[in-house]
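A closer look at the structure
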Amino acid sequence: MKSKNPILRRLYEYGVITLGCALYALCFNWCFQPNNISMGGFTGVAQIINHFCPTFPIGVTAIVLNIPLFYLGVRRQGVRLLVSSLYAMSVGSLMIDALAAIYTFQPMEPLLGCIYGGVMLGVSMGLMLSVGATTGGTELAARLLKYKLHGLSIGRLCLSIDVVVIFLYALTFRNFNNALYGIVAMYISSLAMDALVYGSVNAKIAYIISSRSGEVARQLLTMDLGVTLLNGKGGFSGDEKQVVLCAFKRSQIAAIKAAVTAIDRNAFIIVCEAHEVLGEGFGEYTPDSL
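Reference entry: report on the structure contained in this document. (Residues numbered from 1 in each chain as written. Predicted model: local features only at pLDDT ≥ 70, side-chain atom pairs only at ≥ 80, totals over all residues. Heavy atoms only, no water.)

1. Structural notes on the nonpolar core
In globular proteins that are soluble, nonpolar side chains generally tend to be buried together. Put simply, the rule reads: What is meant by a nonpolar core is a set of buried Ala, Val, Leu, Ile, Met, Phe, Trp, Tyr and Cys residues, joined one to another through side-chain atoms within 4.5 Å. The cut-offs for exposure are 20% and 50% of the maximum accessible area for each residue type, with area from a 1.4 Å probe on protein chains only; residues under the lower value are buried, those over the upper are exposed, and the others partly exposed. Comment: elements are numbered from the N terminus, with helices defined as DSSP H or I runs of at least four residues and strands as E runs of at least two. When checking whether two residues touch, look at their non-hydrogen atoms; a contact exists if any pair is within 4.5 Å.
In this structure, Ile-17, Phe-32, Met-39, Leu-121, Met-128, Met-186 and Met-193 are the most contacted members of the largest nonpolar core, which totals 38 residues. Looking at this core, the elements that each hand over two or more residues are α1 (6-32), α3 (58-77), α4 (79-102), α5 (110-130), α7 (154-173) and α8 (176-198). Considering every element that reaches this core, the biggest residue donor is α1, with nine residues. Not counting the four nearest positions on each side in its chain, Met-193 is found in contact with Gly-122, Met-125, Gly-126, Leu-129, Ile-154, Gly-155 and Cys-158. Within the second largest apolar cluster, 12 residues are counted, among which are Ile-208, Val-244, Val-260 and Ile-263.

Here it is in structure tokens:
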């Protein structure tokens, strides 16, 4: 939401964070905890501590463990991260304990738990990351590591950290089957998180090879699309050709194919997925970009 009113923008952001926290607490109490499936991260570490010291509630323990990481996060990203993430961490952790006190969910088929729990966890984390917040732990650590490891997505970084915690969880509870379920859940979570964080900016790229490339380029320009002409050479014929390169949004693919084939039915069109496109009409780079 890009409202010019700062109050409305903040209300929207904290509404998204609260929704993410509620989904986070629900998936933990419904899908993970009853089936002894670790969520990884500091919540997973809190599960281990709670196993040995039941007097330490999981939610409160997760808050205490996050304090050093928040200190590092504030130094790197400023006080805004501290405020929104402290809110997310506190509300999420308290919701976990409150929901556990109100209702006790019964165990379900572990495979269902890891599938649905993974999806809900990924969506909840993606919602919070989309407005610049985390619940601490894995997500905050991954966000900080992203500054050093630009080539990895936020979901993959979270997955790597979570797998380590899950193995520790397996050693603690001596249940390696549940650890394997946990890894499946975290993998699904990383896919859901990446889909939510990066999905809105995903685009496609078309390489169009045609003997009438000039006409094709002019037609695409009338459709308000950015076009770049690349010099090419036919591998078999040796003829000089111009390759039309065009980045576009998914919803435009049908119109582009129709426009190109109307000009040249023999045009060679290669459509590729673009992980991210920055520039006018697409995304905008910022130092805190995920």
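2. Let's talk about the sheet that holds strand β1 (residues 203-209)
Inclusion rule: Here, any two strands with at least 2 DSSP bridges between them count as paired. Each axis is a line fitted through C-alpha atoms, and for a helix only the stretch in contact is used; angles between axes span 0 to 180 degrees, taken between their N-to-C directions.
Read across the sheet, four strands follow the order β2-β3-β1-β4 without closing on themselves; strand pairing throughout is antiparallel. Among the strands making up the open sheet, the edge pair consists of β2 (227-233) and β4 (268-274). Put simply, the sheet's adjacent strands are angled 25 degrees from each other on average, direction ignored. Bridge count for β1 against strand β3 (residues 240-248) is six bridges, and the pairing is antiparallel. Looking at the pairing, Ile-209 lines up with Val-243 of β3. Here helix α9 (residues 213-222) sits on the sheet in contact with β1, β2 and β3, set at roughly 15 degrees to β3. Relative to the sheet, helix α10 (residues 253-263) contacts β1, β3 and β4, its axis offset from that of β4 by approximately 160 degrees.

3. Here we look at the pattern of salt bridges
Any two side chains of opposite charge can pair, so long as their charged atoms come close to each other. This is how it is decided: For this analysis, a salt bridge means a side-chain nitrogen from Lys or Arg found within 4 Å of a carboxyl oxygen belonging to Asp or Glu.
This structure, assessed with the given rule, holds two salt bridges. Where Glu-13 meets Arg-10, a salt bridge forms, and the shortest distance between an N and an O atom there is 3.3 Å. Of this pair, Glu-13 and Arg-10 both sit in helix α1, three residues apart, which is roughly one turn of that helix. Arg-212 is paired through a salt bridge with Glu-215; the nearest N and O atoms lie 2.8 Å apart. Assessed through its relative accessible area of 34%, Glu-215 is described here as partly exposed.

4. Here we look at α9
Our working definition: Directions drawn from the helix axis to the C-beta atoms are what define this arc.
Among all positions in α9, only Ser-213, Val-216, Ala-217 and Leu-220 are buried. Across the axial projection of α9, the buried residues extend over an arc of 100 degrees, all falling on one side. What points out from α9, more than 90 degrees from its buried face, is the exposed set Arg-218 and Thr-222. In this fold, the buried residues of α9 make contact with β1, β2, β3 and α10. Just downstream of α9, Asp-224 is the residue with a positive phi angle, here 60 degrees.

5. Describing unusual backbone geometry
One non-glycine residue, Asp-224, lies in positive phi territory at about 60 degrees. Examined against the element boundaries, Asp-224 turns out to sit in the loop between α9 and β2. According to the relative accessible area criterion, Asp-224 is exposed, its value standing at 72%.

6. Overview of the pairing of β1
When β1 meets β4, the two strands line up antiparallel, connected through seven bridges. The partner of Tyr-207 across the bridge, within β4, is Ile-270.

7. A closer look at the side chain of Asn-35
Within the secondary structure layout, Asn-35 lies in the loop between α1 and α2 (41-52). Apart from the residues within four sequence positions on either side, Asn-35 is in contact with Trp-30, Pro-107, Met-108, Pro-110 and Asn-178.

8. Focus: the packing of α9 against α10
Formally: In this scheme the crossing of two helices becomes right-handed for a clockwise turn of the near helix relative to the far one and left-handed for an anticlockwise turn of less than a right angle.
Interaxial distance between α9 and α10 falls to 10 Å at its minimum, and their mutual angle equals 145 degrees. Crossing of α9 against α10: the hand is right-handed. Contacts between α9 and α10 involve Glu-215, Val-216, Gln-219 and Leu-220 from the first element and Ile-256, Ala-259, Val-260 and Ile-263 from the second.

9. What about the environment of Ala-22?
If you trace the backbone, Ala-22 turns up in helix α1. Overall, Ala-22 belongs to the partly exposed group, its relative accessible area being 33%. Note: C-alpha distance between Ala-22 and Ala-88 (66 residues apart in sequence) is 9.9 Å.

10. Things to note about the environment of Ala-203
Position of Ala-203 relative to the elements: it lies in strand β1. Judged by relative accessible area, Ala-203 falls into the buried class, the value being 0%. A sequence separation of 69 residues divides Ala-203 from Cys-272, and the C-alpha atoms of the two residues are 8.8 Å apart.

11. So, a nonpolar patch on the surface
Rules: A patch is a set of surface residues, each over 30% in relative accessible area and not in a salt bridge, joined within 9 Å for like charges and within 5 Å for the nonpolar side chains Val, Leu, Ile, Met, Phe, Trp and Tyr. All accessibility values rest on the Shrake-Rupley procedure with a 1.4 Å probe; residue burial counts only the protein chains present in the view.
On the surface, Leu-111, Leu-112, Ile-115, Tyr-116 and Val-119 cluster together to form a nonpolar patch covering roughly 430 Å² of accessible area. Counting through the fold element by element, Ile-115 comes out in helix α5.

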